[in-house]
Amino acid sequence: METEKRIPESWISQSGIVLYLLSGAEGYRAAYVTSNITDLTGYPAEEALVPGWWAEHLHPDDRPRLLARLPELLSGGLVADDYRFRHRDGHYFWIRDQRQCTSGGKNSDVVGSWTDITGLKQVEAELTASIDRYRQLFETNPQPMWVYDSETLRFLAVNDASVALYGYSRDEFLAMTIFDLRPAEDLPRLLA
């Protein structure tokens, strides 16, 4: 591969990014992959070049979505996907795969890169769980609570206790500001 002559593979391997080339003339068979694919997947580079290897190791839930992306890829745009891939030891890990046709159209070669994003996906899952716990605490708190925009003072969210105490629906609350709930004599103190 021409790029291989210009960029030492050791530099690519140290980056942790796996580069690959799919040959359009050979039905999008892997024609080249950097040797650090072994570090990522546990498989030697020679195995990664076997036809069907990639599709065989996709998570079953991700496979249909990814295989359906070929027409979009052939249109010439950059295609990026996050998906699960089966490591040689059997566990699944997350890959961010970015790929693009070299010229667009049928039989065009495809260049791409893989990056392990398993750690990122774990952080996202933890953040989602934390947000869900906060939301549950907010929604089920027996005291009226709300979240409002600090500039406009418009309500962004209210809990069930606020709806029950003040008698407004959530939609009505979201069309209001804090000023709508406070007595006129409290407004100067509120603004301060």
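Residues numbered from 1 in each chain as written. Predicted model: local features only at pLDDT ≥ 70, side-chain atom pairs only at ≥ 80, totals over all residues. Heavy atoms only, no water.

Would you take a moment to explain the nonpolar core for this structure?
Where a protein is soluble and globular, its nonpolar side chains tend to be buried together. In this structure, Val33, Ile37, Trp53, Tyr83, Phe85 and Trp114 are the most contacted members of the largest nonpolar core, which totals 22 residues. The set of elements that each furnish at least two residues to this core consists of strand E1 (18–23), strand E2 (29–33), helix H3 (37–41), helix H4 (45–48), strand E3 (79–86), strand E4 (92–101) and strand E5 (110–116). The contact partners of phenylalanine 85, leaving out residues within four places of it in the chain, are Thr41, Trp53, Trp54, His57, Leu58, His91, Tyr92, Phe93, Ile95 and Trp114. By size, the runner-up hydrophobic cluster in this structure holds 7 residues, among which are Leu153, Val158, Ile178 and Leu181. (Core = buried A, V, L, I, M, F, W, Y, C linked by side-chain atoms within 4.5 Å. Buried < 20%, exposed > 50% of the residue type's maximum accessible area, 1.4 Å probe, protein only. Helix = DSSP H or I, 4+ residues; strand = E, 2+ residues; numbered from the N terminus. Contact = heavy atoms within 4.5 Å.)

Would you mind going over the environment of glycine 16 with me for this structure?
Looking at where glycine 16 falls in the secondary structure, it is placed in the loop between helix H2 (9–15) and E1. Accessibility expressed as a relative area gives 37% for glycine 16, which makes it partly exposed. Glycine 16 sits 71 residues away from histidine 87 along the chain, and the two C-alpha atoms are 16 Å apart. Beyond its immediate sequence surroundings of up to four residues, glycine 16 is in contact with Asn36 and Trp114.

Before we go on, may I ask you to explain the pattern of salt bridges in this structure?
Side-chain pairs of opposite charge can arise whenever the charged atoms involved come near each other. Per the stated rule, a full pass over the model turns up 15 salt bridges. In this structure, aspartate 62 and arginine 84 form a salt bridge, with 2.9 Å as the shortest nitrogen-oxygen distance. In this pair, aspartate 62 is assigned in the loop between helix H5 (53–56) and helix H6 (63–67) and arginine 84 in strand E3, connecting sequence segments 22 residues apart. Exposure remark for aspartate 62: the relative accessible area of 5% places this residue in the buried category. A salt bridge links aspartate 132 to arginine 135; the shortest N-O distance between them is 3.7 Å. In this pair, aspartate 132 and arginine 135 both sit in helix H8 (residues 118–140), 3 residues apart, roughly one turn of the helix. Judged by relative accessible area, which is 41%, aspartate 132 ranks as partly exposed. Each of the salt bridges in this network shares a partner with another, and the network as a whole consists of Asp62, Arg65, Arg69, Glu72, Asp81, Arg84, Asp97 and Arg99. (Salt bridge = Lys/Arg side-chain N within 4 Å of Asp/Glu carboxyl O.)

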